[in-house]
Amino acid sequence: MAGVFTLADGLEMGRVLHQFANTDDGFKAKLIIYFPAKSDAEKIQGHKWHLAIEFTNWVNLCLKEKGRLR
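Caption draft 1: Geometry of the sheet that holds strand β3 (residues 26-34). Read from one edge to the other, the open sheet built from three strands follows the order β1-β2-β3, with strand pairing classed as antiparallel. Sheet topology places β1 (2-6) and β3 at the edges, where each strand pairs with a single neighbour. When the angles between neighbouring strand axes are averaged without regard to direction, this sheet yields 20°. With five bridges connecting them, β1 and strand β2 (residues 12-23) associate as antiparallel partners. The residue bridging G3 from the neighbouring strand is V16, located in β2. Here helix α1 (residues 41-65) sits on the sheet in contact with β2 and β3, set at roughly 155° to β3.

What counts, and at which threshold
Residues numbered from 1 in each chain as written. Predicted model: local features only at pLDDT ≥ 70, side-chain atom pairs only at ≥ 80, totals over all residues. Heavy atoms only, no water. Pairing = 2+ DSSP bridges. Helix = DSSP H or I, 4+ residues; strand = E, 2+ residues; numbered from the N terminus. Axes fitted to C-alpha atoms, helices over the stretch in contact; angles between N-to-C directions. Contact = heavy atoms within 4.5 Å.

What follows is the structure, given as structure tokens:
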């Protein structure tokens, strides 16, 4: 999954490249976001946490729906 995120005026704010692959017992993911070099370190750190929580929630929801998580 790849994309570019921009503001309404066209200013590029970053790029995303997420890769997923099936494994014998589930899947593996590589989650990548590129920010401009001048990006605020605190915003980048906050987005790392956002991404970790978001994907954890999605995986847990999927496992719960499949009856593999209580």
